[in-house]
Amino acid sequence: MSTRRVVITGTGVVSAIGTDTGSFWESIIRGRSGIGPFSSVDPDKIRFKNGAEVRNFYPEDHFHGKELDMMDRFSQFALVAAKEAVHQSGVEFDDEKGSSSAVICGTSIGGVIAQETAYSDLYRENKSRVHPLSIPKTMPNSASSIISMHFGITGPVYTVSTACASSNHAIGNAFWLIRNGICERAIAGGSETPFTYTFLKSWEALRVVAQDTCRPFSMNRQGMILGEGGAMIVLESLESAKDRGAEILGEIIGFGMSSDASHITKPDQAGAERAMKMAMKDAKVLFSDVDYINTHGTGTPVNDKMETAAIKNIFGSHAKNLSVSSTKSMHGHLLGGTSAVEAVATIMALRNDILPPTANYEIPDPECDLDVVTNISRYEKLTYALSNSFAFGGLNAVLAFRKWEGK
Amino acid sequence: MDMTSVVFDKIKDILVLKKGIPAGSIHLESSFEELGMDSLDAVELLADLEDAFSVDIPNSELQHFKTIQQAVNGIEEAISK
């Protein structure tokens, strides 16, 4: 029995380097970073000062009245990205399409801004009640539900929360649902809005956030930089896309998952290797076929060294032939939303034969000696790519993509 | 009591109480690894020491925070600033 193929027909992005796919991709190929001093939270009592905030995003431009009231910022990002992706795909949802579609979103903390507002109201302002919609705005499934409601999607709808791997898990799940014939199409991705005082102080306490910027694989890297935003992709069966005459942007061909079962924050090389191997096996692609890996590449001393070692170990002699980069250097680490943004970057890379750069790279690190695309994007014929995510809690999820070449 | 002893005793108290490390195994020359501490344990110890001595230790110092002696040195230096 032949396996159903799953293709991508729409992408949508809201990020620090662009509030739609076009401007996002333009920033990527120009190596333009969106990292700078954050302003949505008072930086005075926070030891790090930089982040990748979404600028020039005005909710009232996108939503009105009731819809606006119901959504915390992470849901707003998710819906805007979903709308762009669906518009590009050309899918028009009716009852039949709604029931044969899925929505799966990733997020690590959901509506944290609404949550923090509620805490502030009670503990600081001594109010006797919080906003009546605090629960619907805070709940991590809000984005998935809002997208489902907006488009009338009545098939499988849920949210996945696996820290930094959330969106890869979400997209991977959607891919498998379609491949296994559970549904015909899906909107999948994720979003995150980490800029609240408590959340930033929590990250400060863990001491993994850089004081300057995000420099993945560079010898002088100091850590990660938090970012906000979201991305969604429309996935559908190849038959469905062809029947509609849809323009196909790329193909998703494999999904791998693993758990380190090791440490609650420190990544484990063996776990990362298992996830990449599983994605390759699921994709039925040879290791020697992979051209590009969009790495997890957080810019922490530990992750980048581990990820390099894992890639070298499983790809063997081919490791020196493939190229890697970390787009977190430009859009920041969106936590539960990051791998959705990275999926779009990877799909666009394959589509355009352009390797995204790793911005802010300064000094080679002998322990990160893969072919890191540094600072400037590069033209290269690309066919297969992986997108890695290795999350806190030791949860790993890897997606495999193929360039769409017409059949 | 000299500052080194004060800081060392505080480190010992924290590790015994919070991490259950036997007091007899904690020496100035002990490495965190020898004491069975990982990177998260080191971050937690640093936070407790910052609170105890009202100092701020920047992230860049973490890489030098691998032994009890280094921890004592780091705190003493921060106190003297």
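In short, a report on the structure. For clarity, every value in this text was computed on a predicted model and none was experimentally measured.

Helix and strand counts for chain B stand at three helices and zero strands. On C-alpha atoms alone, chain B measures out to a radius of gyration of 11 Å, which is about the 12 Å that the 2.2 N^0.38 rule sets for 81 residues. With the C-alpha coordinates aligned to their principal axes, the bounding extent of chain B is approximately 30 × 30 × 20 Å. The burial tally for chain B puts 41% of its 81 residues in the buried class. When contacts within chain B are restricted to residue pairs at least 6 apart in sequence, those whose partners lie at least 24 apart make up 54%. Per element, the accessible surface of chain B, about 4500 Å² overall, is 51% carbon and sulfur. One way to put it: in chain B the 6 positive side-chain charges average out to a point 3 Å from where the 16 negative ones average out.

Now for the interface of chain A and chain B. Listed as interface residues are nine residues of chain A and, on the opposing side, 10 residues of chain B. Buried surface at the junction of chain A and chain B, both sides included, amounts to about 790 Å², of which 44% is carbon and sulfur. Of all residues in chain A, the largest losses of buried area upon contact with chain B belong to Arg 47, Arg 207 and His 263 of chain A, amounting jointly to 68% of the total for that side. Taken together, the links from chain A to chain B amount to three salt bridges. A salt bridge links Glu 50 of chain B to Arg 47 of chain A, with the shortest nitrogen-to-oxygen separation between them at 3.0 Å.

Residue and element names in this part refer to chain A. Where helix 12 (residues 269-283) contacts helix 13 (residues 301-315), the axes come no closer than 9 Å and their chain directions differ by 50°. With respect to helix 13, the axis of helix 12 lies oblique. By crossing handedness, the relation of helix 12 to helix 13 is classed as right-handed. Residues Gln 269, Ala 272, Glu 273, Met 276 and Lys 277 of helix 12 lie in contact with helix 13, whose contacting residues are Met 306, Ala 309, Ala 310, Ile 311, Asn 313, Ile 314 and Phe 315. Across the contact of helix 12 with helix 13, the residue classes break down as eight nonpolar, two polar and two charged.

The next subject is the packing of helix 1 (residues 3-19) of chain B against helix 3 (residues 68-80) of chain B. Residues and elements named next belong to chain B. As a packed pair, helix 1 and helix 3 sit with axes 9 Å apart at the nearest point and diverge in direction by 125°. Taken together, the axes of helix 1 and helix 3 are oblique relative to one another. In terms of crossing hand, the pair formed by helix 1 and helix 3 is right-handed. Seen from helix 1, the contacting residues are Met 3, Thr 4, Val 7, Phe 8, Ile 11 and Leu 15; seen from helix 3, they are Ile 68, Ala 71, Val 72, Ile 75, Glu 76 and Ile 79.

So, on to the pairing of strand 15 (residues 395-402) of chain A. Residue and element names in this part refer to chain A. The buried fraction of strand 15 is high, at six of eight residues. Relative to strand 15, strand 14 (residues 384-391) runs antiparallel, the two sharing eight bridges. Bridged to Asn 388 within strand 15 is Val 398. As consecutive antiparallel partners, strand 14 and strand 15 are separated by three residues, and within that stretch Gly 393 has a phi angle of approximately 85°, a positive value.

Moving on, we get to the packing of aromatic side chains. Residues and elements named next belong to chain A. All chains considered together, the criterion is met by 10 aromatic pairs over all chains. Judged by centre distance (5.9 Å) and plane angle (45°), the rings of Phe 38 and Phe 195 are tilted. You can see Phe 38 sitting in the loop between strand 2 (36-37) and strand 3 (50-51) and its partner Phe 195 sitting in the loop between strand 6 (185-192) and helix 10 (197-206), a full 157 residues away along the chain. Take Phe 38: its relative accessible area is 4%, and that puts it in the buried class. The class of Phe 195 is buried, set by a relative accessible area of 6%. Centroid distance Phe 199 to Trp 203: 6.2 Å. Interplanar angle 80°. Geometry classified as edge-to-face. One end of the pair, Phe 199, and the other, Trp 203, are both in helix 10, four residues apart, so they sit about a helical turn from each other. Overall, Trp 203 belongs to the buried group, its relative accessible area being 8%. Every member of this aromatic cluster is reached through a ring pair, and the members are Phe 38, Phe 48 and Phe 195.

Turning to unusual backbone geometry, a few remarks are in order. Even without being a glycine, Asn 126 of chain A presents a positive backbone phi close to 55°. Checked against the element boundaries, Asn 126 of chain A lands in the loop between helix 6 (112-124) and helix 7 (134-138).

This paragraph deals with the environment of Val 55 of chain B. All names here are of chain B. Considering the arrangement of structural elements, one finds Val 55 in the loop between helix 2 (39-53) and helix 3. For Val 55, a relative accessible area of 9% translates into the label buried. Distance in space between the C-alpha atoms of Val 55 and Phe 65 is 15 Å, their sequence separation being 10 residues.

To continue, consider a negative patch on the surface. All names here are of chain A. A surface patch of like charges, here negative, comprises Glu 92, Asp 94, Asp 95 and Glu 96. Tracing the sequence through the fold places Glu 92 in the loop between helix 4 (73-89) and helix 5 (95-99). For Glu 92, a relative accessible area of 65% corresponds to the exposed category.

Glancing now at the side chain of Thr 295 of chain A. Residue and element names in this part refer to chain A. You can see Thr 295 is positioned in the loop between strand 9 (290-294) and helix 13. Within polar-contact distance, the side chain of Thr 295 engages the backbone oxygen of Ser 325 at 2.9 Å. Not counting residues up to four positions away in its chain, the partners in contact with Thr 295 are Phe 217, Glu 307, Ile 311, Val 324, Ser 325, Ser 326, Lys 328, Glu 342 and Asn 388.

Turning our eyes to something else, we now look at the nonpolar core. All names here are of chain A. Phe 24, Ile 171, Leu 235, Ile 252 and Phe 401 are the most contacted members of the largest nonpolar core, which has 49 residues in total. The element that contributes the greatest number of residues to this core is helix 15 (residues 338-352), accounting for nine residues. Discounting residues that sit within four places of it in the chain, Phe 401 has contacts with Ile 8, Glu 251, Ile 252, Ile 253, Ala 343, Thr 346, Ile 347, Leu 350, Thr 383, Tyr 384, Ala 385 and Ser 387. Within the second largest apolar cluster, 28 residues are counted, among which are Val 285, Ile 311, Ile 314 and Leu 386.

With that settled, the discussion passes to the side chain of Glu 50 of chain B. By the element assignment, Glu 50 of chain B lies in helix 2. Here the side chain of Glu 50 of chain B touches Ile 57 of chain B through a polar contact of 2.6 Å, landing on its backbone nitrogen. With near-sequence residues (within four places) excluded, Glu 50 of chain B lies in contact with Arg 47 and Arg 207 of chain A together with Val 55, Asp 56 and Ile 57 of chain B.

Rules used in this analysis
- Residues numbered from 1 in each chain as written.
- Chains lettered and ligands numbered in written order.
- Predicted model: local features only at pLDDT ≥ 70, side-chain atom pairs only at ≥ 80, totals over all residues.
- Heavy atoms only, no water.
- Helix = DSSP H or I, 4+ residues; strand = E, 2+ residues; numbered from the N terminus.
- Rg over C-alpha atoms; globule rule 2.2 N^0.38 Å.
- Buried < 20%, exposed > 50% of the residue type's maximum accessible area, 1.4 Å probe, protein only.
- Contact = heavy atoms within 4.5 Å.
- Areas by Shrake-Rupley, 256 points an atom, 1.4 Å probe, with all protein chains shown as cover.
- Lys, Arg positive; Asp, Glu negative; His and termini not counted.
- Charge placed at Lys NZ, Arg CZ, Asp CG, Glu CD.
- Buried area = accessible area lost by both parts, 1.4 Å probe.
- Salt bridge = Lys/Arg side-chain N within 4 Å of Asp/Glu carboxyl O.
- Axes fitted to C-alpha atoms, helices over the stretch in contact; angles between N-to-C directions.
- Parallel < 35°, antiparallel > 145°, perpendicular 65-115°, else oblique.
- Left-handed = near helix turned anticlockwise from the far one by under 90°.
- Nonpolar A, V, L, I, M, F, W, Y, C, P; charged D, E, K, R; others polar.
- Pairing = 2+ DSSP bridges.
- Phe/Tyr/Trp six-rings, centres within 6.5 Å; stacked < 30°, edge-to-face > 60°.
- Patch = residues over 30% accessible without salt bridge, like charges linked within 9 Å, V, L, I, M, F, W, Y side chains within 5 Å.
- Polar contact = N/O pair within 3.5 Å; in protein donor to acceptor, adjacent residues only side chain to side chain.
- Core = buried A, V, L, I, M, F, W, Y, C linked by side-chain atoms within 4.5 Å.

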